[in-house]
Amino acid sequence: MRDTSSLRPGQDTEPDIDPAETAEWRDSLQSLVQAEGAGRAGYVLDNLLGHAASLGLRARSQTRTAYLNTIPADQEPPFPGNLAVEERIARINRWNALAMVVRANQAHGELGGHIASYASAADLFEVGFNHFFRARTENGPGDLVYMQPHSAPGVYARAYLEGFLNEDDLAHFRQEITATARGLRGLSSYPHPWLMPDFWQFPTGSMGIGPINAIYQARFMRYLEHRSLMPAADRKVWGIFGDGEMDEPESIAALTLAAREKLDNLVFVVNCNLQRLDGPVRGNGRIIDELETLYAGAGWNVIKLVWGSDWDALLRRDTGGALARAFANTVDGQFQTFAANDGAFNRAHFFNQNPELAALVADWTDEAIDRLHRGGHDMVKIHAAYHRAVRHRGQPTVILAQTKKGFGMGSAGQGKMTTHQQKKLDDEALLAFRDRFALPISDADCLALKFYRPAEDSAELRHLQARRAALGGHIPRRGTQAPRLAPPEAEHWARFALAADGKEMSSTMAIVRMLTALLKDATVGPRIVPIVADEARTFGMANLFRQIGIYSAQGQLYEPEDIGSVLYYREARDGQILEEGITEAGAISSWTAAGTSYSVNGLPMLPFYIYYSMFGFQRIGDLIWAAADQRTRGFLIGATSGRTTLGGEGLQHQDGSSHIMAAAVPNCRAYDPAYAYEVAVIVEHGMRRMLDEQRDEFFYLTVTNENLPQPDMPADAGAREGILRGMYRLRSARGQAQVRLLGAGPMLREAEMAAERLLADYGVDAEVWSVTSFSELSRDGREAERARVLGLEAGASDWVRTCLGGSDAPVIAATDYVRAVPEQIRAWVPAAYRTLGTDGFGRSDTRAQLRDFFEVSADWIALYALDSLGRQDEAGALRARLNAGARQTPPWEA
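Once a new chain begins, its residue numbering starts again from 1 and follows that chain's sequence as written. Totals for whole chains, interfaces and linings use every residue, but because this is a predicted model, local features are given only for residues with pLDDT of at least 70 and side-chain atom pairs only at 80 or more, for both listing and counting. Values shown for side chains rest on all heavy atoms present in the structure; no hydrogens or waters enter the calculation.

Before going further, it helps to examine the overall build of the chain. Counting its regular elements, the chain contains 37 helices and 20 strands. Radius of gyration means the value over C-alpha atoms here, while the globule rule gives 2.2 Å times the residue count to the 0.38 power. For a compact globule of 894 residues, the expected C-alpha radius of gyration is about 29 Å, and the chain comes in at 32 Å, within 12% of that figure. Projected onto its principal axes, the C-alpha coordinates of the chain cover approximately 105 × 70 × 55 Å. Among the 894 residues that make up the chain, the fraction classed as buried is 58%. Secondary structure elements follow DSSP: runs of H or I of four or more residues count as helices, runs of E of two or more count as strands, with numbering from the N terminus. Buried means the residue's accessible area, taken with a 1.4 Å probe over protein chains only, is under 20% of the maximum for its type, while exposed means over 50%, and partly exposed covers the values in between.

Quick look at the structure:
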């Protein structure tokens, strides 16, 4: 390590050519602070920086400060708790978290788990639990806390001390199936609201999703306040995340939104233990410096929590700034090495790098040096940072807390490259851990990994329970109670679709008209949250700009260019539309915030996120999966959907795969309706399921921009049931059907035309079925099959057999999606079955050319029908007309 004695504090390359002049400037600023306060000094400093910019000067880093704590020791508020007791509580939680993971892996080495992340973050959690994280009560909805997922064992350990979890629960960490079989409760690996619905509120296990969800959750709270749906409250959204997690694009994607919206109800705590899974986060740099620049540049209030109270005496003694210079010139890889070694090593390799540093600790023992804490392990410093964060106004706050990964694990893991994977400790390491934290556990109990819980009347439990009582009770805790809402009947808002009388419109136009009408309903209207990612005009939603306005926390501070038009662009503080700009990740995060409001706020909302179908599941599938785990309720509308309906856009916009991805999400009800009345029936059904019956599911509908004559809702009483269960007969054969044609979405019209041509040109009598959901049919089939196999329901029959049974006429299914979508029901089709789809890359051309290219048009459906019937002469003639001989390369390989 190089000598840094000639460098200025906070600089790492440039020597100070006039130290005396520099000192005068520093002294002048310090005098101003002492005489008139930090506010006045900050104003003068900002003024000087502005003047410097006008002179063409720029500070080397206006968003980076010295590698020191933001809050000086003399500005820290008094610590309000019993520090000694709270430190003992933290030590107990550390032990129980460690014992939980190690016990599980001694019994079953495949279970995994993590110790080191919570070891670094334990004190960050404890100060929050004891003094800041407020639970939901009858007097208020409480704070929201997004937990660092790898620290889940520590959160369970805390809940065990509170009495919210018991010893059997801890003994079944990552053993949910085993626990259920024993009539017990297992603990999920990471925060999972689906698996632990009364405990975890937010799923954060997929890195990066927690931060962006937290930002949009904080913004949605303001949205509800500004629309007068909830009273204004000093309620916070906390996010405790890892520094390695900040590499994920979603983690930083919405930082400017939070600053632009002045979300001072948002506090991030980034646990900077300087290490990710394989090694240092920034071995050759400093992640705290990088994150400070990032967050400050985005407009956040940054609080650096780097060094513990033990360093304060050294910093006061260091009048020449040698310590600050050494900090500024030590990279994270070296800090990690210091963390992994003892006081003697740190003396030799850090303090002995120059005489000034060596003199600072000349009278210190190696043991005293070893006890020097980083800021994230000092409850007093943490409290000061949290205290300032919750009182800051006008900006979101991030606390960058430096910790040691595997803190307290000694040679078994503290600061080591392998510490993230550490799941087992030998006897010596267990005893050393117990001794390091002075835990009152016998050798035998320690080696047996027994959980430790003090007596109910102990100082620790009395203090812990008192603090949680003052903050409203247990946390995390997920609420599920919300008022039921009875949605209006479709006749009131979709009459135009149910009795369309052949009027031409697209299904996208139809659902926008339905949404417009629903917004006027007194009960449901105020609860609807229309969400778009900068495509409202594309989907014909511009009329909503004037009707309900676009939400803006600042209102509209300008006169829009189109103010004179009927559909002018209108932003309003109480606007209802969330127009998120070009960010699918942000829009789906808004949808999740709105769709979980019934749980988070006790206020049911109904979000409709309308977007280009291609940019849904394919681009943001992980965020949709997290929304499903979070038990989100709402509608996802994949507009301009399919691979052949969006003619000129081509590969980048044509969706042929979202329905197969949607089918994998357990609580997603995915539909591909063809006609407007089908859309109306599905939307009505979805609203009833989610708002009235309060089912934790969401609905995905794909709609197109292809204008078609819209028929009336069939008079057949079974049509509604069929639409919802997945298929119904739209056109009967004149006699006994020779072939059955199944059409989904835009391919239904092609199937109808194929039936007409088969009858007119070949005398083949075909019936046509509208398939609104292959995935619902598949789910129904699996359930019926399982019931039969297990003997759970005598004679259980799936809907596909119910519809198609009684005939061996071949079945041809056509979809605008990949063949895997209709292949989902092959097992239950009681006849020869052929599937047509749009496998391969998209193309730009007309709809007719695209459907011919992908071999899904009416002619191709007719060809497969003739071939299935063995009518090869007629099929041959049709092949010639389709120029099939020139099609050596299938469309999915072209």
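A separate point is the side chain of Gln148. Position of Gln148 among the secondary structure elements: in the loop between β1 (144–146) and α4 (152–162). By relative accessible area, which is 6% here, Gln148 ends up buried. In what follows, a contact means two residues having at least one pair of non-hydrogen atoms within 4.5 Å. The residues touching Gln148, leaving out its near neighbours within four places in the chain, are Ser117, Ala121, Phe125, Ile240, Phe241, Gly242 and Asn271.

A word on the side chain of Asn301. Counting through the fold element by element, Asn301 comes out in strand β4 (residues 301–305). Using a relative accessible area of 14% as the deciding quantity, one classes Asn301 as buried. In protein, a polar contact means a hydrogen-donor-capable atom and an acceptor-capable atom, both N or O and within 3.5 Å, with residues adjacent in sequence counting only if both atoms are side-chain atoms; elsewhere, any N or O pair within 3.5 Å suffices. At 3.0 Å, the side chain of Asn301 forms a polar contact with the side chain of Thr397. Setting aside residues up to four positions removed in sequence, Asn301 forms contacts with His392, Gln395, Pro396, Thr397 and Val398.

With that settled, consider a nonpolar patch on the surface. Surface patches are defined over residues having more than 30% relative accessible area and no salt bridge, joining like charges when they lie within 9 Å and nonpolar side chains (Val, Leu, Ile, Met, Phe, Trp, Tyr) when within 5 Å. Methods summary: accessible areas were calculated by the Shrake-Rupley approach with a probe of 1.4 Å, and residue burial reflects only the protein chains presented. Here a salt bridge means any side-chain nitrogen of Lys or Arg lying within 4 Å of a carboxyl oxygen belonging to Asp or Glu. On the surface, a cluster of nonpolar side chains totalling about 370 Å² of accessible area is made up of Leu29, Val33, Leu45, Leu48 and Leu49. Position of Leu29 among the secondary structure elements: in helix α1 (residues 19–54).

A cluster of like negative charges, contributed by Asp18, Glu21, Glu24 and Asp27, occupies part of the molecular surface. Structurally, Glu21 is set in helix α1. Here Asp and Glu are counted as negative and Lys and Arg as positive; His is not counted, and neither are the chain ends. Charge positions come from single atoms, namely NZ of Lys, CZ of Arg, CG of Asp or CD of Glu.

Attention now moves to the pattern of salt bridges. Following the criterion strictly, the structure yields 56 salt bridges and no others. A salt bridge links Arg282 to Asp247, with the shortest nitrogen-to-oxygen separation between them at 2.7 Å. Placement of Arg282 in the loop between β3 (266–272) and α10 (287–298) and of Asp247 in the loop between β2 (237–242) and α8 (249–252) is noted, with a sequence separation of 35 residues between them. Overall, Asp247 belongs to the partly exposed group, its relative accessible area being 36%.

This part takes up the sheet that holds strand β19 (residues 811–814). A pair of strands is treated as paired once DSSP finds two or more bridges between them. Taken in spatial order, the 5 strands line up as β16-β18-β17-β19-β20 in an open sheet, and their pairing is mixed. A strand with exactly one partner marks an edge of an open sheet, and here the two such strands are β16 (727–731) and β20 (833–836). Within the sheet, the average angular offset between the axes of one strand and its neighbour, ignoring direction, is 25°. Bridge count for β19 against β20 is 4 bridges, and the pairing is parallel. Pairing of Ala814 across the sheet is with Leu836, part of β20. An axis is simply a line fitted to the C-alpha atoms; with a helix, the fit covers only the stretch in contact. Between two such axes, the angle follows the N-to-C directions and lies from 0 to 180 degrees.

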